[in-house]
Amino acid sequence: MPHAEDAANVAAMATAAATPGVGPLLRDWRRRRRLSQLDLALEAGVSARHLSFVETGRSRPSADMVLQLAEQLDVPLRNRNQLLLAAGHAPVFEQHDLEDPEMAPVRRAIDLILDGHDPYPAVVIDRAWEMLGANRAVALLIAGVAPDLLKPPVNVLRLSLHPDGVAPRIVNLGEWRGHLLDRLERQIALTGDGALTALLEELSAYPAPAREAGEPEIAVPLRLETELGQLSFISTVATFGTAVEVTASELSIESFFPADEQTADAVRSYVAALP
C-alpha cells in the first residue's frame, strides 16, 4: 500500500501537470494588477530581464522568487500555492476545513465576534459568499425567503438579490444591489475567480430597479421592510488580517449595525423575544 505522503506527492504533481506554466500565470496576475514588467521588477527587487525570462518560460524561478513576486502582486494565498506548484515547488500555505482541530482558534474568534455583536445581525462567509455561520438576529433579515434558497450551501448574495429571497423587502434595492455587485466585481478583479464571474452574471440577470442617484451618505444602508416595520442598517466587514492559512485568509464576517434608534430598539426587542 502506498504511504499517505507518497499519495500527496502524486496528487501535487498531477495538479501541477494540469496547471499552466508559472510564467503565463505570473503574467496574467501582473496584467490584472496593471503593472508593466519594469514596474513589477522594480517593486520586487529583481531585474526586468530575469522577470521577462520567467514569464516566457526561459527561466524557472525559485520558490522564494515566486513568493516575492506574488507578495508584490497581492496574490491570494490559495493562488500563491498554485503558482508554486506551477513552478515545480511544494505549496507552503496550509489549508484546512473550518471544522478541523487546527482551526479551533479561528472558530473561537468567529464565535466571539458573532456572540459579541448580538443582538444585531452578523454572518460569516467564505470566498464564494457561502454562509458558514450566523448569529440569531440574522433570522430577522431572511424571514420569508424561499426555502430552496436556505438549503446548504447558502450563498448570501443569491439569498439577498434573488426575486424569491430578501430582494422584495429591500426598500432601496437598486442602491443595495449596486453596492453588492460592486463588491463582487472588486473581488473578481483581485482574484480572477471564474466561479465568481459566473455568480456575477447570474446576479446581474435578476430583475431589479436601476440604482438611483440620491444625497451622498456616509455608507450605503440596507433599508428593509420587516414585521417590525422598516429597519435601516449599515454594515462592516472584518477579515483575519494576519492569516497565513488559506481558509482563514478567505473568511469574512459582515456585521450589521442599526442606522437609527428605531431600528436599534426594534431589533433588541425582537432578539429578546426569541426562544
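Because the structure is predicted, anything quoted here is derived from the model rather than measured.

Cut-off values and rules
Residues numbered from 1 in each chain as written. Predicted model: local features only at pLDDT ≥ 70, side-chain atom pairs only at ≥ 80, totals over all residues. Heavy atoms only, no water. Pairing = 2+ DSSP bridges. Helix = DSSP H or I, 4+ residues; strand = E, 2+ residues; numbered from the N terminus. Axes fitted to C-alpha atoms, helices over the stretch in contact; angles between N-to-C directions. Contact = heavy atoms within 4.5 Å. Buried < 20%, exposed > 50% of the residue type's maximum accessible area, 1.4 Å probe, protein only. Arc of directions from axis to C-beta. 1 Å grid on protein atoms, 1.4 Å probe; cavity = no way out; pocket = protein on both sides within 12 Å on 5 of 7 lines; lining within 4 Å. Points joined across faces, edges and corners; volume = space filled by probe spheres on them. Nonpolar A, V, L, I, M, F, W, Y, C, P; charged D, E, K, R; others polar. Salt bridge = Lys/Arg side-chain N within 4 Å of Asp/Glu carboxyl O. Parallel < 35°, antiparallel > 145°, perpendicular 65-115°, else oblique.

1. Some details on the sheet that holds strand β2 (residues 131-134)
Piece 1. The 5 strands are arranged β2-β1-β5-β4-β3 in an open sheet whose pairing can be described as antiparallel. Edge positions in the open sheet fall to β2 and β3 (222-226), since each of these has one partner strand only. Recorded for the sheet is a direction-independent mean angle of 30° between the axes of neighbouring strands.
Piece 2. In the sheet, β3 pairs with strand β4 (residues 229-239) via 5 bridges, with the strands oriented antiparallel. Its bridge partner being in β4, Leu 222 is matched across the sheet by Phe 233.
Piece 3. Sitting on the sheet, helix α13 (residues 261-272) is in contact with β4 and β5 (252-258), with an inclination near 85° to β4.

2. Overview of helix α2 (residues 22-32)
Piece 1. Among the residues of α2, those classed as buried are Val 22, Gly 23, Leu 25, Leu 26, Trp 29 and Arg 30. Mapping the buried residues of α2 onto a view down its axis gives an arc of 165°, with all of them on the same face.
Piece 2. Here the buried face of α2 lies against α3 (37-44), α4 (48-56), α5 (63-72), α6 (77-86) and α10 (173-191).
Piece 3. Just past α2, the residue Arg 34 takes up positive phi, approximately 60°.

3. Considering empty space enclosed by the protein
By rolling a water-sized probe across the atoms, one finds the places where empty space is left.
Piece 1. Following the criterion strictly, the structure yields 1 cavity of 30 Å³ or more and no others.
Piece 2. By volume, the largest cavity is sized at about 280 Å³.
Piece 3. Val 123, Leu 141, Val 156, Ser 160 and Phe 256 are, among the 17 residues lining the largest cavity, the residues nearest its centre.
Piece 4. Those elements that place two or more of their residues in the lining of the largest cavity are α8 (138-141), α9 (156-161), α10 and β5.
Piece 5. Looking at the lining of the largest cavity element by element, the count peaks at 4 residues for α9.
Piece 6. Residues of the lining of the largest cavity, tallied by class, amount to 15 nonpolar, 1 polar and 1 charged.

4. A word on the pairing of strand β1 (residues 122-125)
Piece 1. The side-chain alternation of β1 yields two buried faces, one formed by Ala 122 and Val 124 and the other by Val 123 and Ile 125.
Piece 2. Inspection of the sheet shows β1 paired to β5 by 4 bridges, in the antiparallel sense. The residue of β5 that forms the bridge with Ala 122 is Ser 255.
Piece 3. Pairing analysis gives 3 bridges linking β1 to β2, with the strands arranged antiparallel. Bridge pairing in β2 links Ile 125 to Met 131.
Piece 4. Counting the residues that bridge the hairpin from β1 to β2 gives 5 residues, and of these Trp 129 lies at a positive phi of roughly 70°.

5. Description of the environment of Leu 228
Piece 1. Turning to its location among the elements, Leu 228 is positioned in the loop between β3 and β4.
Piece 2. For Leu 228, a relative accessible area of 30% gives the class partly exposed.
Piece 3. On a C-alpha basis, the gap between Leu 228 and Ala 266 in space is 6.5 Å, while along the polypeptide they are 38 residues apart.
Piece 4. Excluding anything up to four places from it in sequence, Leu 228 contacts Leu 140, Gln 262, Ala 266 and Tyr 270.

6. Some details on the layout of surface pockets
Piece 1. Here the largest pocket defines a volume of roughly 800 Å³.
Piece 2. Considering the residues around the largest pocket, the lining is formed by 29 residues, among which Gln 187, Leu 190, Thr 191, Ser 249 and Glu 250 are closest to the centre.
Piece 3. If you list the elements that add at least two residues to the lining of the largest pocket, you get α6, α10 and β4.
Piece 4. Top contributing element to the lining of the largest pocket by residue count: α10, with 5 residues.
Piece 5. Here the residues of the lining of the largest pocket are counted per class, giving 11 nonpolar, 9 polar and 9 charged.

7. Section: the pattern of salt bridges
Piece 1. Per the counting criterion, the structure on display carries 10 salt bridges.
Piece 2. As a salt-bridge pair, Lys 151 and Asp 148 come within 3.2 Å of each other at their nearest N and O atoms.
Piece 3. The closest approach of N and O atoms between Asp 265 and Arg 268, which form a salt bridge, is 2.5 Å. Taken together, the residues Asp 265 and Arg 268, both in helix α13 and 3 residues apart, mark about one turn of the helix.

8. A look at the packing of α3 against α5
Piece 1. Running from amino to carboxyl end, α3 crosses α5 at an angle of 110°, the nearest separation of the two axes being 9 Å. In this view, α3 runs roughly perpendicular relative to α5, as classed from their interaxial angle. Of the residues in α5, those touching α3 at Leu 40, Glu 43 and Ala 44 are Gln 68, Leu 69 and Gln 72.
Piece 2. A breakdown of the residues in the contact of α3 with α5 according to their chemical character gives 3 nonpolar, 2 polar and 1 charged.

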